[in-house]
Amino acid sequence: MKALKHKDLISILDLTVEEIQEILSLAATLKQRLAKNMHFTPLAGKTLAMIFEKPSLRTRVTFETGMTQLGGHAIFLGPSEISLGVRESVADAARNLERWVNGIMARTFSHQTVVDLAREASIPVINGLTDRLHPCQVLSDCLTVQEKLGLLSGVKVAFLGDGNNVAHSWINAAARLGMNLSIACPPGYEPLSEIVREGQTAADSTILVTNEVAEALDGADVVYTDVWTSMGQENEAEKRRTAFAPYQLNKAALALARPNALVMHCLPAHRNEEITDDVIDGPQSIVYDQAENRLHVQKAILTLLMGEQ
Ligand code: CP
Ligand code: NVA
């Protein structure tokens, strides 16, 4: 799809419905090809710079492995390597990188850093998580739900916990793809009102924010949670454990959703905080399928943004 070539992926709202469908469909194809050991190397000779201001298992390994499988190469730039905005400005880093590599994936604290990188660099910039959004995660989750339920539009997703980056990207995805989304958060931890309003305006479906767990879970086909203390918020951990305790995804909570509702978590999980062992390891959990799909969806994104199609 030409429309995606050289584009940035900062938010799911940067994508049209057709572009999201193209990503999910190519991801499914690439997943099948990989299972059959069929090589597909559209990024031969291309390099992705991966900037990480925060730790990562899934994002780092799936982007790096994805680039290798696509015939290209990825370079890991951790916090001590480039110190964006400290050792040199974001703009200067962007203007150097664009002379050498073909794309940038960045995980940053401030969302503005990724926005600035995208503005300054002439090559595609992909958001690998900021304090505001985690689009690659939720696009991968959408493929996983589609695989399990056969559709996305009309599916009810309940999100329990922090109205943070992952919840924000779910709001964007629901607005684009027609999922009904109910987010249950403790008072004071709701998603940003501007993101909720923007989602509700764009959506044909229902996007609801509540403090009531039972209201969010009622009729849910999918129950999703995320850590209570995100990267960078470690000094709030104690306060958050108290505030979020009623929002734990445990067996009693899961029983309030539809029978056989899917259990999802972006991982890493803080087991027995936001999700109990019996639920994350239980028969309804699809958390490792989600993690696997990061590879396939991001390979599709890399191909469409950086390939020569
Ligand atoms: N879900 C996710 O982004 O995992 P990492 O933080 O390990 O990359
Ligand atoms: N909300 C979590 C997601 C981790 C993938 C965080 O930002 O740490």
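Here, the structure is the one placed above.
Residues numbered from 1 in each chain as written. Chains lettered and ligands numbered in written order. Predicted model: local features only at pLDDT ≥ 70, side-chain atom pairs only at ≥ 80, totals over all residues. Heavy atoms only, no water.

1. Some remarks on the overall build of the protein chain
Inference 1: Helix and strand counts for the protein chain come out as 13 helices and nine strands.
Inference 2: The C-alpha radius of gyration computed for the protein chain amounts to 19 Å, which stays within 12% of the reference 19 Å derived for 309 residues, consistent with globular compactness.
Inference 3: Referenced to the eigenvectors of the C-alpha coordinate spread, the extents of the protein chain come out at roughly 55 × 45 × 35 Å.
Inference 4: With 309 residues in all, the protein chain has 56% of them scored as buried.
Inference 5: Taking all contacts inside the protein chain whose residues are at least 6 apart in sequence as the whole, residues at least 24 apart take part in 75%.
Inference 6: With the model as given, the accessible surface of the protein chain reaches about 12,700 Å², and the carbon-plus-sulfur share is 51%.
Inference 7: The centroid of the 28 positive side-chain charges in the protein chain is displaced by 5 Å from the centroid of its 37 negative side-chain charges. (Helix = DSSP H or I, 4+ residues; strand = E, 2+ residues; numbered from the N terminus. Rg over C-alpha atoms; globule rule 2.2 N^0.38 Å. Buried < 20%, exposed > 50% of the residue type's maximum accessible area, 1.4 Å probe, protein only. Contact = heavy atoms within 4.5 Å. Areas by Shrake-Rupley, 256 points an atom, 1.4 Å probe, with all protein chains shown as cover. Lys, Arg positive; Asp, Glu negative; His and termini not counted. Charge placed at Lys NZ, Arg CZ, Asp CG, Glu CD.)

2. Overview of unusual backbone geometry
Inference 1: In this model, Leu267 is joined to Pro268 through a cis peptide bond whose omega is 10°.
Inference 2: Non-glycine residue His6 carries a positive phi angle of around 65°.
Inference 3: Following the sequence through the fold, His6 ends up in the segment before helix 1 (17-35).
Inference 4: Despite not being glycine, Leu129 shows a phi value in the positive range, around 115°.
Inference 5: You can see Leu129 is positioned in the loop between strand 4 (125-127) and helix 6 (135-149).

3. Notes on the site of ligand 2
Inference 1: Around ligand 2, the neighbouring residues are Leu129, His134, Asn164, Asn165, Asp226, Val227, Ser230, Met231 and Leu267.
Inference 2: Residue Ser230 places a side-chain N or O atom 2.7 Å away from a nitrogen atom belonging to ligand 2.
Inference 3: The protein chains hide 95% of the 270 Å² of surface that ligand 2 would expose on its own.
Inference 4: The residue inventory of the shell around ligand 2, partitioned by class, reads four nonpolar, four polar and one charged. (Near = heavy atom within 4 Å. Polar contact = N/O pair within 3.5 Å; in protein donor to acceptor, adjacent residues only side chain to side chain. Nonpolar A, V, L, I, M, F, W, Y, C, P; charged D, E, K, R; others polar.)

4. Thoughts on the packing of aromatic side chains
Inference 1: Under the criterion given, the structure shown has five aromatic pairs.
Inference 2: Measuring from centroid to centroid gives 5.9 Å for Trp228 and Phe244, while their planes differ by 20°, and the two rings are stacked. With Trp228 in the loop between strand 8 (222-225) and helix 10 (237-244) and Phe244 in helix 10, this residue pair connects regions lying 16 residues apart in the sequence. Across this residue pair, the class does not change: Trp228 and Phe244 are buried.
Inference 3: Directly above the aromatic system of Phe76 lies the positively charged group of Arg60, at a separation of 4.1 Å from the ring centroid. (Phe/Tyr/Trp six-rings, centres within 6.5 Å; stacked < 30°, edge-to-face > 60°. Lys NZ or Arg CZ within 6 Å of the ring centre and 35° of its normal.)

5. Side note on the packing of helix 1 against helix 6
Inference 1: One can describe the packing of helix 1 onto helix 6 by two numbers: an axis separation of 10 Å at closest approach and a directional angle of 70°. Our classification of the angle between helix 1 and helix 6 gives roughly perpendicular. At the point where helix 1 passes helix 6, the crossing takes the right-handed sense. From helix 1, Ile20, Leu24, Ala27 and Lys31 reach across to helix 6, where they touch Leu139, Cys142, Leu143, Gln146 and Glu147.
Inference 2: When grouped by side-chain class, the residues that make up the contact of helix 1 with helix 6 number six nonpolar, one polar and two charged. (Axes fitted to C-alpha atoms, helices over the stretch in contact; angles between N-to-C directions. Parallel < 35°, antiparallel > 145°, perpendicular 65-115°, else oblique. Left-handed = near helix turned anticlockwise from the far one by under 90°.)

6. Some details on the side chain of Lys54
Inference 1: Secondary-structure assignment places Lys54 in the loop between strand 1 (47-52) and helix 2 (58-69).
Inference 2: Within the local environment of Lys54, its side chain forms a polar contact with the side chain of Asp131, the two groups lying 2.6 Å apart.
Inference 3: Not counting residues up to four positions away in its chain, the partners in contact with Lys54 are Arg107, Thr108, Phe109, Leu129, Thr130, Asp131 and Met231.

7. Considerations on helix 2
Inference 1: With 12 residues, helix 2 should cover 16 Å at 1.5 Å per step; its first-to-last C-alpha distance of 16 Å lies within 8% of that length.
Inference 2: Arg58, Thr59, Thr62, Phe63, Gly66 and Met67 are the residues of helix 2 that are buried. Along helix 2, the residues classed as buried sweep out an arc of 140° about the axis, all on the same side.
Inference 3: Check the buried side of helix 2 and you find it contacts strand 1, strand 2 (73-77), strand 3 (103-107), strand 4, helix 6 and helix 13 (287-306).
Inference 4: Positioned one or two residues after helix 2, Gly71 has a phi angle of 95°, which is positive. (Expected span 1.5 Å × (residues − 1). Arc of directions from axis to C-beta.)

8. Concerning the site of ligand 1
Inference 1: The environment of ligand 1 is made up of Ser56, Leu57, Arg58, Thr59, Arg107, His134, Gln137, Cys266, Leu267 and Arg294.
Inference 2: In the environment of ligand 1, an oxygen atom lies 2.6 Å from a nitrogen or oxygen atom belonging to the side chain of Ser56.
Inference 3: Here ligand 1 has 260 Å² of accessible area as a free molecule, and 96% of this is covered by the chains.
Inference 4: Tallied by class, the residues present in the shell around ligand 1 amount to three nonpolar, four polar and three charged.

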